[in-house]
Amino acid sequence: MEKAVKSRTVAEPYKIKMVETIKTTTPDYRSWAIREAGYNTFLLRSEDVYIDLLTDSGTSAMSDNQWAGMMLGDESYAGARNFYNLERAVREIYGFQHVIPTHQGRAAEHITSQLRIEPGQFVPMNMYFTTTREHAERAGGTFVDCIVDEAHDAASEFPFKGNVDLAKLRRIVDEHGADSIAYLSIAPSVNMAGGQPMSMANLREVSEWARAHQVAIIFDATRAVENAYFIQRREAGYADKTVRDILREMMSYGEGCTMSSKKDNLVNIGGFLATNNEQFATAAKEMVVIFEGLHTYGGMAGRDMEAVARGIYEMVDDAYIASRVQQVEYLGGRLRDAGVPVVLPIGGHAVFLDARRFLPDIPDDQFQAQSLAAHLYVDSGVRGMERGMVSAGRDPVTGDHHRPKLSLVRLTIPRRAYTNLHMDVVAESCIALHRERDKIRGLRMVHEPRSLRFFQARFELLD
Ligand SMILES: *Cc1c(COP(=O)(O)O)cnc(C)c1O
């Protein structure tokens, strides 16, 4: 139920006040640079990158209002005014009363996992996220994938591929009882499925199920605003509601959230844990002091908390969020129309190249997505990242690679940072590579870190 697309162009609801020069390089230079980086785009120097689509994490352009807020940082150790501004913003926009700042999202995940998971318990998620699963496993939990099957099918155009499959939740309860579940970790929209949203109807159903079984929902709210925008666009009954109201309703189905402010909140660093469960909040405040800092700064400077507080209000501006998601759709649409295999529908924060269909002759064990990301960099200086077998890591029990059904290259669009002409450059490079795909070779892994290996693994090009 997409809203009718307006026939007149709608431009970004902001203009540019400050610019940053980006460097162009030659293909020969980039061939050298990627070899030096072990064919891992995480190991490139950012100076050698022309258009950086590695991640939308911490790469947003802040507004003049946020920069002005940075000058109002209260750098007192305890009780800084910026903390109270942050607390007010989270209460108003997310609806959670207790707010504990952390230096970024994974720190909130660490605290949540340690406090809420008993060894041996299950942590169902609508698809894994790297750091979320790692922290759950470190706390002795076992991740269970509970997303709908459509999410694992790159060609399915189901509009809510982020939905939870209730049958998968019921199976855990049937086999192990509801007590075996630590909590439901629900991420709207789902990063690893291609930035795919869940519907409000599904969320409501999941929350009814969770209440009936006395299982808590703790959101990974990292990109919940992008999900709220998709609900406004696609779900019956929401076209006339604001993104702000939709987000508030979504969050009302959970008892709290972990948050990476480096995404939706439009800042370069920050995060928080927020909850309406007072007991959990008290325990989390005790723990944040050990790992992050006092509970009124949790690893953030006062000025950074102020930028987050202001970013939270800016992110729910309907014109801003529409323009953000539409830029992603613009890039995705150009690729789709040119026959480049991408995950459909186009997600909220990134366009995902489907590496198995892009490079059908390169087997999984030669890391086709890792190789595609490296070749894209050599072609145009555009940096994406692998989201496939390398990112999925190894099964801690069997020691074999996790073999996810999707092998993707993620082209993630930073918020408010690039224009659609940059998107044209990216599209043309992907289209050119797709035309010359038979020249692309696979890789061999020559260095493998034990956890979160995708960050630092090194590869060599096969002959
Ligand atoms: C980025 C991210 C995290 C982790 O947050 P950091 O701020 O990078 O520590 C958790 N979940 C999702 C879905 C993310 O995208």
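Basis of the calculations
- Residues numbered from 1 in each chain as written.
- Predicted model: local features only at pLDDT ≥ 70, side-chain atom pairs only at ≥ 80, totals over all residues.
- Heavy atoms only, no water.
- Helix = DSSP H or I, 4+ residues; strand = E, 2+ residues; numbered from the N terminus.
- Rg over C-alpha atoms; globule rule 2.2 N^0.38 Å.
- Buried < 20%, exposed > 50% of the residue type's maximum accessible area, 1.4 Å probe, protein only.
- Near = heavy atom within 4 Å.
- Areas by Shrake-Rupley, 256 points an atom, 1.4 Å probe, with all protein chains shown as cover.
- Nonpolar A, V, L, I, M, F, W, Y, C, P; charged D, E, K, R; others polar.
- Core = buried A, V, L, I, M, F, W, Y, C linked by side-chain atoms within 4.5 Å.
- Contact = heavy atoms within 4.5 Å.
- 1 Å grid on protein atoms, 1.4 Å probe; cavity = no way out; pocket = protein on both sides within 12 Å on 5 of 7 lines; lining within 4 Å.
- Points joined across faces, edges and corners; volume = space filled by probe spheres on them.
- Expected span 1.5 Å × (residues − 1).
- Phe/Tyr/Trp six-rings, centres within 6.5 Å; stacked < 30°, edge-to-face > 60°.
- UniProt positions renumbered as here; feature names shortened; annotations may be inferred.
- Domains from an automatic or database assignment.
- Buried area = accessible area lost by both parts, 1.4 Å probe.
- Salt bridge = Lys/Arg side-chain N within 4 Å of Asp/Glu carboxyl O.
- Patch = residues over 30% accessible without salt bridge, like charges linked within 9 Å, V, L, I, M, F, W, Y side chains within 5 Å.
- Axes fitted to C-alpha atoms, helices over the stretch in contact; angles between N-to-C directions.
- Parallel < 35°, antiparallel > 145°, perpendicular 65-115°, else oblique.
- Left-handed = near helix turned anticlockwise from the far one by under 90°.
- Pairing = 2+ DSSP bridges.
- Right-handed = clockwise from strand over helix to strand, strands pointing away.

**A closer look at the overall build of the protein chain**
Link 1 in the chain: Within the protein chain, the secondary structure is distributed over 16 helices and 14 strands.
Link 2 in the chain: Compactness check: the protein chain gives a C-alpha radius of gyration of 21 Å against a globular reference of 23 Å for 463 residues, within 12% of the reference.
Link 3 in the chain: Overall, the C-alpha framework of the protein chain stretches about 60 × 55 × 45 Å when taken along its three principal axes.
Link 4 in the chain: Within the protein chain, the proportion of its 463 residues that are buried is 61%.

**Some remarks on the site of the ligand**
Link 1 in the chain: In the vicinity of the ligand lie 14 residues, with Arg106, Asp220, Arg223, Ser260 and Lys263 positioned nearest.
Link 2 in the chain: Compared with its free state, where it exposes 380 Å², the ligand has 96% of that area covered by protein.
Link 3 in the chain: Put simply, the parts of the chain that give the shell around the ligand at least two residues each are α4 (105–116) and α5 (130–138).
Link 4 in the chain: Here the element with the most residues in the shell around the ligand is α4; it accounts for three residues.
Link 5 in the chain: When its residues are assigned to classes, the shell around the ligand shows one nonpolar, seven polar and six charged.

**With respect to the nonpolar core**
Link 1 in the chain: Among the nonpolar cores identified, the biggest contains 64 residues, and Tyr94, Leu184, Leu247, Ile312 and Met315 are the most heavily contacted of them.
Link 2 in the chain: With residues near it in sequence (within four places) discarded, Ile312 still touches Leu86, Ala89, Val90, Ile93, Tyr94, Asn265 and Phe272.
Link 3 in the chain: With 31 residues, the next largest nonpolar core counts Val342, Val409, Tyr418 and Val426 among its residues.

**Some words on empty space enclosed by the protein**
Link 1 in the chain: Tallying each qualifying case throughout the model produces two cavities of 30 Å³ or more.
Link 2 in the chain: Estimated volume of the largest cavity: approximately 80 Å³.
Link 3 in the chain: Along its surface, the largest cavity is lined by Glu109, Thr112, Ser113, Thr132, Ala136, Tyr183, Ser185, Ile218, Phe219, Asp220 and Thr258.
Link 4 in the chain: If you list the elements that add at least two residues to the lining of the largest cavity, you get α4, α5 and β6 (217–220).
Link 5 in the chain: Looking at the lining of the largest cavity, its residues break down into four nonpolar, five polar and two charged.
Link 6 in the chain: Lining the second largest cavity, in full, are Asn40, Thr41, Phe42, Gln370, Met385, Glu386, Ser391 and Phe454.

**Examining helix α7 (residues 200–212)**
Link 1 in the chain: Taking 1.5 Å of rise per residue, 13 residues should cover 18 Å, and α7 covers 18 Å from first to last C-alpha, within 8% of that figure.
Link 2 in the chain: Those residues of α7 not exposed but buried are Met200, Asn202, Leu203, Val206, Ser207, Trp209 and Ala210.
Link 3 in the chain: In the core, the buried residues of α7 are packed alongside α6 (166–176), β5 (184–186), β6, α8 (224–234) and α9 (243–251).
Link 4 in the chain: Residue Gln214 follows α7 closely and has a positive phi angle near 55 degrees.

**Comments concerning the packing of aromatic side chains**
Link 1 in the chain: Under the definition given, this model contains ten aromatic pairs.
Link 2 in the chain: Note on Tyr77 and Tyr297: the rings are 5.1 Å apart at their centroids and 75 degrees apart in plane angle, and the pair reads as edge-to-face. With a gap of 220 residues between them, Tyr77 in the loop between α2 (64–70) and α3 (81–93) and Tyr297 in the loop between α10 (278–291) and α11 (302–315) connect regions that are remote in the sequence.
Link 3 in the chain: Using a relative accessible area of 55% as the deciding quantity, one classes Tyr77 as exposed.

**Some details on the environment of Ala151**
Link 1 in the chain: Relative to the helices and strands, Ala151 resides in the loop between β4 (142–145) and α6.
Link 2 in the chain: For Ala151, a relative accessible area of 1% gives the class buried.
Link 3 in the chain: Residue contacts for Ala151: discarding those within four places in its chain leaves Met127, Lys161, Ala193 and Leu406.

**Points about the UniProt feature "domain: Aromatic amino acid beta-eliminating lyase/threonine aldolase" (unreviewed entry) in the protein chain**
Link 1 in the chain: According to UniProt, the "domain: Aromatic amino acid beta-eliminating lyase/threonine aldolase" (unreviewed entry) feature falls on residues 52–428.
Link 2 in the chain: Within residues 52–428, the helical portion is 43% and the strand portion 12%, while the C-alpha atoms at the span's ends are 15 Å from each other.

**A closer look at the UniProt feature "modified residue: N6-(pyridoxal phosphate)lysine" (unreviewed entry) in the protein chain**
Link 1 in the chain: Feature annotation in UniProt places "modified residue: N6-(pyridoxal phosphate)lysine" (unreviewed entry) on Lys263, given in this structure's numbering.
Link 2 in the chain: Positionally, Lys263 belongs in the loop between β7 (256–260) and β8 (271–275).
Link 3 in the chain: When neighbours within four sequence positions are excluded, Lys263 is seen to be in contact with Asp56, Ser57, Ser60, Thr222, Arg223 and Arg415.

**Concerning the domain arrangement of the protein chain**
Link 1 in the chain: Entries for the protein chain in the domain assignment read domain 1 (27–56 + 318–461) and domain 2 (65–315).
Link 2 in the chain: Between domain 1 and domain 2, the C-alpha centre-to-centre distance is 26 Å.
Link 3 in the chain: Opposite the 36 residues of domain 1 that make contact, domain 2 presents 41 residues.
Link 4 in the chain: A buried area of about 2,900 Å², summed over both sides, lies between domain 1 and domain 2, and 53% of it is on carbon and sulfur atoms.
Link 5 in the chain: Ranking the residues of domain 1 by area buried against domain 2 places Ile321, Pro345 and Leu406 at the top, with a combined share of 18%.
Link 6 in the chain: Summed over the shared surface of domain 1 and domain 2, the number is five salt bridges.
Link 7 in the chain: Across the pair Glu314 and Arg416 runs a salt bridge, and its minimum N-O distance is 3.0 Å.

**Focus on a nonpolar patch on the surface**
Link 1 in the chain: Residues Val289, Ile290 and Phe291 make up a contiguous nonpolar surface patch of roughly 310 Å² in combined accessible area.
Link 2 in the chain: Looking at where Val289 falls in the secondary structure, it is placed in helix α10.

**Thoughts on the packing of helix α1 (residues 27–36) against helix α14 (residues 368–380)**
Link 1 in the chain: Between α1 and α14, the least distance of the axes is 7 Å, while the angle of their chain directions is 150 degrees. By the angle between their directions, the pair α1 and α14 is classed as roughly antiparallel. Considering only the axes of α1 and α14, their crossing is right-handed. In this structure, α1 contributes Pro27, Arg30, Ser31, Ala33 and Ile34 to the contact, and α14 contributes Ala374, Tyr377, Val378, Asp379 and Ser380.

**A closer look at α8**
Link 1 in the chain: With eleven of its eleven residues buried, α8 lies for the most part within the structure.
Link 2 in the chain: Three or more residues of α8 are buried, namely Ala224, Val225, Glu226, Asn227, Ala228, Tyr229, Phe230, Ile231, Gln232, Arg233 and Arg234.

**Points about the pairing of β6**
Link 1 in the chain: Alternating residues of β6 divide into Ile217 and Phe219 and Ile218 and Asp220, and every residue in both groups is buried.
Link 2 in the chain: Relative to β6, β5 runs parallel, the two being bridged by three bridges. Directly across from Ile186, in β6, lies its bridge partner Phe219.
Link 3 in the chain: With α7 bridging β5 and its parallel neighbour β6, the resulting β-α-β unit is right-handed.
Link 4 in the chain: Summarising the sheet, β6 and β7 pair through three bridges and their orientation is parallel.

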